[in-house]
Amino acid sequence: MNIIIFGPPGSGKGTQAKRIASLGFNHICTGDLLRERKFALGTGDLVGDDVVISIVKEKLEAHKGDNFVFDGFPRTLEQAQVLKELVDIDAVFLLNVDDEELIRRVVRRGQKSGRADDNADVMKKRLKEYAEKTYPIKQFYSLDNKLHVIDGTEPIETIFEKIKRYVENKG
Ligand code: AMP
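Residues numbered from 1 in each chain as written. Predicted model: local features only at pLDDT ≥ 70, side-chain atom pairs only at ≥ 80, totals over all residues. Heavy atoms only, no water.

Colleague: I'm lost on the overall build of the protein chain in this one. Help?
Modeller: For the protein chain, the count of helices and strands is eight helices and five strands. Along the protein chain, helices (α) and strands (β) appear in the sequence β-α-β-α-α-β-α-β-α-α-α-β-α when read from the amino end. On C-alpha atoms alone, the protein chain measures out to a radius of gyration of 15 Å, which is about the 16 Å that the 2.2 N^0.38 rule sets for 171 residues. Overall, the C-alpha framework of the protein chain stretches about 40 × 35 × 30 Å when taken along its three principal axes. Evaluated residue by residue, the protein chain yields a buried proportion of 44% over its 171 residues. Looking at the protein chain alone, contacts between residues at least 24 apart form 75% of all its contacts between residues at least 6 apart. Working note: accessible area of the protein chain is about 9000 Å², and carbon and sulfur atoms make up 49% of it. Charge centroids of the protein chain, computed over 28 positive and 28 negative side chains, lie 3 Å from each other. (Helix = DSSP H or I, 4+ residues; strand = E, 2+ residues; numbered from the N terminus. Rg over C-alpha atoms; globule rule 2.2 N^0.38 Å. Buried < 20%, exposed > 50% of the residue type's maximum accessible area, 1.4 Å probe, protein only. Contact = heavy atoms within 4.5 Å. Areas by Shrake-Rupley, 256 points an atom, 1.4 Å probe, with all protein chains shown as cover. Lys, Arg positive; Asp, Glu negative; His and termini not counted. Charge placed at Lys NZ, Arg CZ, Asp CG, Glu CD.)

The following block contains the structure:
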């Protein structure tokens, strides 16, 4: 089974994806993979599709047959189209959180993480990238009947229970 955790920066994708990994999924987080490779992510601009797609392909090749949870990928229609050719996606969970709350969360996270892009200024750019390039791919998955919209302001455990119920019923 392969699932995508979809949502804006600060919506809790990483938090949920880590929990889902404990159910037996291989966690693919493109933000972490780019940071490991020392990409400069301080501006909030998306990294080019070719780069991100090749990193994901490498991971999928190296772990053939695993169940995957994608976190922060796909972020563009091009990425979503390529992913469709690579693996079957069973479900996409969209975590909805309003912009004000997202900015509050990311600024708070930045105080601990020290990430150059976790601040109110860069967040504006990240939210713009999300609205323009990422949010539209919601449509791609809703046409395929894969989309599950979740209120991302609910408690972490409540959200996880919803995803877990889906995984256990389907698996
Ligand atoms: P994240 O840790 O998911 O918030 O990602 C941090 C930054 O990494 C993003 O703001 C982008 O610059 C870059 N990034 C992560 N995933 C992708 C992706 N799938 N496509 C393009 N850029 C990405």
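Colleague: What should I look at first to understand the pattern of salt bridges in this one?
Modeller: A side chain of one charge can pair with a side chain of the opposite charge if their charged atoms are brought near each other. As enumerated under the stated definition, the model contains 18 salt bridges in all. With a closest N to O distance of 2.9 Å, Asp 45 and Lys 125 form a salt bridge. Taken together, the residues span a long stretch of sequence, with Asp 45 in the loop between α2 (30-36) and α3 (49-62) and Lys 125 in helix α6 (residues 120-134) at a distance of 80 residues. The exposure class assigned to Lys 125 is partly exposed, which follows from its relative accessible area of 31%. Asp 118 serves as the salt-bridge partner of Arg 109, at 2.9 Å between the closest nitrogen and oxygen. Residue class for Arg 109 comes out partly exposed when judged on its relative accessible area of 33%. What makes Asp 118 buried here is its relative accessible area of 4%. One network of salt bridges, with partners in common, ties together Arg 109, Arg 115, Asp 117, Asp 118 and Arg 126. (Salt bridge = Lys/Arg side-chain N within 4 Å of Asp/Glu carboxyl O.)

Colleague: Sorry, what's going on with the site of the ligand here?
Modeller: Around the ligand lies a shell of 16 residues, among which Thr 30, Arg 35, Asp 45, Gly 72 and Arg 75 are the nearest. Within the side chain of Thr 30, an N or O atom sits 2.8 Å from a nitrogen atom of the ligand. A distance of 3.1 Å separates an oxygen atom of the ligand from a polar atom in the side chain of Arg 126. Isolated, the ligand exposes 470 Å² of accessible area, and the fraction of that covered by the protein chains is 96%. Here the shell around the ligand takes four residues from α2, the largest share from any one element. Residues that form the shell around the ligand fall into these classes: six nonpolar, four polar and six charged. (Near = heavy atom within 4 Å. Polar contact = N/O pair within 3.5 Å; in protein donor to acceptor, adjacent residues only side chain to side chain. Nonpolar A, V, L, I, M, F, W, Y, C, P; charged D, E, K, R; others polar.)

Colleague: Sorry, what's going on with the sheet that holds strand β3 (residues 68-71) here?
Modeller: Backbone-to-backbone hydrogen bonds pair the strands of a sheet. The strands run either parallel or antiparallel. The sheet built from five strands is open, its strands ordered β2-β3-β1-β4-β5 with parallel pairing. At either margin of the open sheet sits one strand with a lone partner, and together these are β2 (26-29) and β5 (147-151). With direction set aside, neighbouring strand axes in the sheet form an average angle of 20 degrees. Two elements, strand β1 (residues 2-6) and β3, share four bridges in a ladder whose sense is parallel. Residue pairing in the sheet places Ile 5 in a bridge with Asp 71 of β3. (Pairing = 2+ DSSP bridges. Axes fitted to C-alpha atoms, helices over the stretch in contact; angles between N-to-C directions.)

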